[in-house]
Each structure stands twice: as C-alpha cells, then as structure tokens.
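The lines below spell out each chain.
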Amino acid sequence: MNYEELLEQKTAAKAKTARLPLGNFSKRLIGEKYQNVLDLRPQLFDNIKFRGALDNECDTNPKLRHKNQLHFELDIQDSQHPMLLMEQGNFITLAQLIQEQPAIVAEKGFIDDLISQLLDITEFLHSQQIWHVCFAPQNILIRKGDHAPMLLSHGSFYLGLKKTADMYEGMERFVAPEVLNDGTVDNRCDIFSLGCLIDWIFEMAEIPYAYEKVAKRAQNDKPEGRYQTVADMRKALKRKRDFHKTLLTLVGALVVALLVVGLYFELMPEPTNVEYVKPAPRQATDDLIEDGFDPAELGVVSGDTLIMTEEERRNQAEYEAKAEQIFRKRFTEEADRVLSKIYNNEHMNSSEKKFLSDMSSVNEELLRLQVSIGDEAGISAARSQLIATQIVESLTEQKKKKLQYHGVQK
C-alpha cells in the first residue's frame, strides 16, 4: 500500500466515526462480525457519578420499547476501552446524512416525516419522565434505507454531573439555557432543542411558514414562553400549516379572479369619441338636389338602400349564432386543455412563485386563443371576449371542485 492509499483509507475510516455526547460512534469488526459500538469518553467513564448514571440508563434502556429508540448494553471486558454495544443496523448521524446528501432536505416528505417521528419519540420519553435534552444533528442517528431517526442515550440521566455542559461541547446551541445554567429539565427543554434543530435543517433553504413560526416560539429564552408539551407543539404545527394552505388557496383564487377581470377589460373595445358640429351653411348644391339632380350619378348611395329586409336580418342572426356556437365549442376545448396545466393536485402544491408565473403564461395563452379563434369564427372582439370570460370562469370552478386539495406552498 502506497502513501496515497494509506491516507485515503484513514480518511474513509475517520468519516465513519461520529462524536456523540457520551463518546465516538463507529462500526467495528468484533470477533467475526461488524458491530455498532460507542466508545465511551475516558474522562466521563472515570467519574463515579457518571458510572452510576450510566448503569441506571443501561437498566432502563431495554424497557424503552419504541421504534425510534436504539438499544444497547455496556461492555467493559477491556477496562481500557469501555464501550456500548448497540443493536444491528446501518446508521449515520443526521449531520453526516445532510452533509453527504444536502438535496435530501428538498425531497417530498423527508422533513415532515423526520420531525413527526422525533415528536413521537419525544412524547413517549416524556411519558416515562425521560428527557433527551440535546437534539443536535450529531446526536440523532439516521437508519439508512428508510431514513428513520433513532435516539441512543438521553441527557436527563446525567444531570447530576458537575460538568454536564462538557458532554455537549460543540452542541451547546441545541441545549436549553436553563439546562446549561442549573441543570433544570422538563418537557420545555426538549421543545427548545427541537426548535433549534428545525432552524438548523433549513439554514440552507427557505423555511416554510409553519415551521418558522413554531420554531421561533419553541426557542423562547424563557421556558414559560415556549410550548408546554409536545402535543401543543404538534397541534400548533398542524394548525399553522392548514391556515397557510387555506390562505394561499384564497390568494390563488383572488389572483385568478383579478387576472380574468383584467383580461375582460383589456379586450373591451374602446369607445369612439364623436364630436358634434353645427350644420354647414346651405350651399348652392342643395338647390341642385331640389331641382331634380340625382346624387346616384355621382356614386352617392341613398340611405334607403342600406335598410335590411326582415329575411336578411334573420339570416344575419342565424349566421352570428352559428359563429358563436363554433367559437364556444373550439374555445372550451382549448381552454380546458390550457387550464389543466395548472389546476391539478401536483401543480397546486408547487411554490407560490412558480404558481403565479405559470398562471401568467396560461392567461396569455388564453388571450391568444380567444383572439385567433374569434377571428376565424368571424365574431367581434368584444363578443368573443365576453364568451371567453364566461367559459374560463366556469371551467376554473369545475376544476377546483375536482381537486382533492389545492394550495401553493411558500
């Protein structure tokens, strides 16, 4: 093995190691198989109070039956290298996952599933009078395959130590102030830490409205200003998410209505300003007409010849009705095709910016279709615009009713 290969191997081995509050997590060959192990930090393990707290957690750990709880046992056969032997599985920390795959944050459902499962296990731990204390991304393991978040050790077991803050060196941002100051823990310290985690996840992306509001309150410096229970936090997240969807739906509907109205007035024919003047003074040519001069000789057509007969009016009305019928049929087909581009369940959950952009292009396309089909059918611009507006409004309402839900995301 040359020098470059040796460096590469060491770099790869280092990448597989993660630092957790109690020690370093890695996968190691023990005997004939690889096992997940946590090498305990010597400065902690040498502390008598820490050993007592660790024994207490080792006794409690098997009783914590939850799908997001990792189980372990203490191995001190090698007194120089005490470790926790963990259950089987392929795990990396949340920090490592996002560092390796930053785009995973944008995958549909990833953030919602992650937060939902963390809220579930936190609520379960609270029912057992246990608090995780630090939801740092380095202290959350992710199971490869289904990306389920898994928790290992919980901070409330170690509050009796004088140097509790030393366990969370580099992770202080995710620990509530009261824990670092005097070691006080309750439901609200975990709520604070979860709020910090939400902020960290969205550092490189725009945070959704619901998560932004919930995370802000959860991180209040004073415990009484936060959510009091995980259930309260979960309800607030759902309520704000539903409110935002409803708000965006109303805004979207208003935008459509304004665009349709704007389209209507844009195509309305402009009124012609008629200037009335006094009759010109009587000229000598008027005398010629009275003397029997025939204006037809000069190509002047009598007004009587412009009067349509009853049959001609009837034929004209039939022609206009047929033209409108053709226009209605063709424009309805085309408008239905165009509106289907944006009124569908997938598109209505896109970003607000993209929705408004697509809506603008759709309205421009509808306008072009109205003008071109109206010209081909031979009806006036004003008439075609009025019919087109009625068709667009009717189709829009029909499509909204067919949607399972609709509302653009911020």
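As a starting point, this report considers the structure included with it. (Residues numbered from 1 in each chain as written. Predicted model: local features only at pLDDT ≥ 70, side-chain atom pairs only at ≥ 80, totals over all residues. Heavy atoms only, no water.)

Points about the overall build of the protein chain
Then, in step 1: When helices and strands are counted, the protein chain shows 14 helices and eight strands.
Then, in step 2: Long-range pairs, those at least 24 residues apart, make up 68% of the contacts in the protein chain between residues at least 6 apart in sequence.
Then, in step 3: When the accessible surface of the protein chain is split by element, carbon and sulfur atoms take 53% of a total near 24500 Å². (Helix = DSSP H or I, 4+ residues; strand = E, 2+ residues; numbered from the N terminus. Contact = heavy atoms within 4.5 Å. Areas by Shrake-Rupley, 256 points an atom, 1.4 Å probe, with all protein chains shown as cover.)

Topic: unusual backbone geometry
Then, in step 1: Phi at glutamine 129 takes a positive value of approximately 60°, unusual for a residue other than glycine.
Then, in step 2: In this fold, glutamine 129 is placed in the loop between α5 (110–127) and β7 (141–143).
Then, in step 3: Classification of glutamine 129 as exposed rests on a relative accessible area of 55%.
Then, in step 4: Notably, histidine 147 is not glycine yet its phi reads approximately 60°, a positive angle.
Then, in step 5: The residue histidine 147 is located in the loop between β7 and β8 (148–150) in this model. (Buried < 20%, exposed > 50% of the residue type's maximum accessible area, 1.4 Å probe, protein only.)

Things to note about the side chain of histidine 126
Then, in step 1: Here histidine 126 shows up in helix α5.
Then, in step 2: Residue histidine 126 is classed as buried on the basis of its relative accessible area of 9%.
Then, in step 3: Excluding residues within four positions of it along the chain, histidine 126 makes contact with Trp131, Asn187, Asp190 and Val230.

As for the sheet that holds β7
Then, in step 1: Pairing in this open sheet of three strands is antiparallel, and the strands run β6-β7-β8 from one edge to the other. Sheet topology places β6 (91–93) and β8 at the edges, where each strand pairs with a single neighbour. Within the sheet, the average angular offset between the axes of one strand and its neighbour, ignoring direction, is 40°.
Then, in step 2: The sheet contact formed by β6 and β7 spans three bridges and is antiparallel. Counterpart to threonine 93 in the pairing with β7 is leucine 141. (Pairing = 2+ DSSP bridges. Axes fitted to C-alpha atoms, helices over the stretch in contact; angles between N-to-C directions.)

Quick notes on the nonpolar core
Then, in step 1: With 78 residues, the main nonpolar core has Tyr158, Ile201 and Met233 as its most contacted residues.
Then, in step 2: Counting 21 residues, the second largest nonpolar core, distinct from the first, contains Ile342, Leu366, Ala388 and Ile391. (Core = buried A, V, L, I, M, F, W, Y, C linked by side-chain atoms within 4.5 Å.)

Examining the packing of α5 against helix α8 (residues 187–201)
Then, in step 1: Where α5 meets α8, the axes come as close as 11 Å, and the angle between the chain directions of the two elements is 165°. The orientation of α5 relative to α8 falls into the category roughly antiparallel. The hand of the α5/α8 crossing is right-handed. Judged by residue contacts, Ile111, Leu114, Ile115, Leu118, Leu119, Thr122 and His126 of α5 engage Asn187, Asp190, Leu194, Leu197, Ile198 and Ile201 from α8.
Then, in step 2: A class-by-class count of the residues in the contact of α5 with α8 yields nine nonpolar, three polar and one charged. (Parallel < 35°, antiparallel > 145°, perpendicular 65-115°, else oblique. Left-handed = near helix turned anticlockwise from the far one by under 90°. Nonpolar A, V, L, I, M, F, W, Y, C, P; charged D, E, K, R; others polar.)

Comments concerning the environment of asparagine 344
Then, in step 1: Within the secondary structure, asparagine 344 sits in the loop between α12 (310–339) and α13 (352–377).
Then, in step 2: By relative accessible area, which is 24% here, asparagine 344 ends up partly exposed.
Then, in step 3: With 59 residues separating them in the primary sequence, asparagine 344 and leucine 403 have C-alpha atoms 6.5 Å apart.

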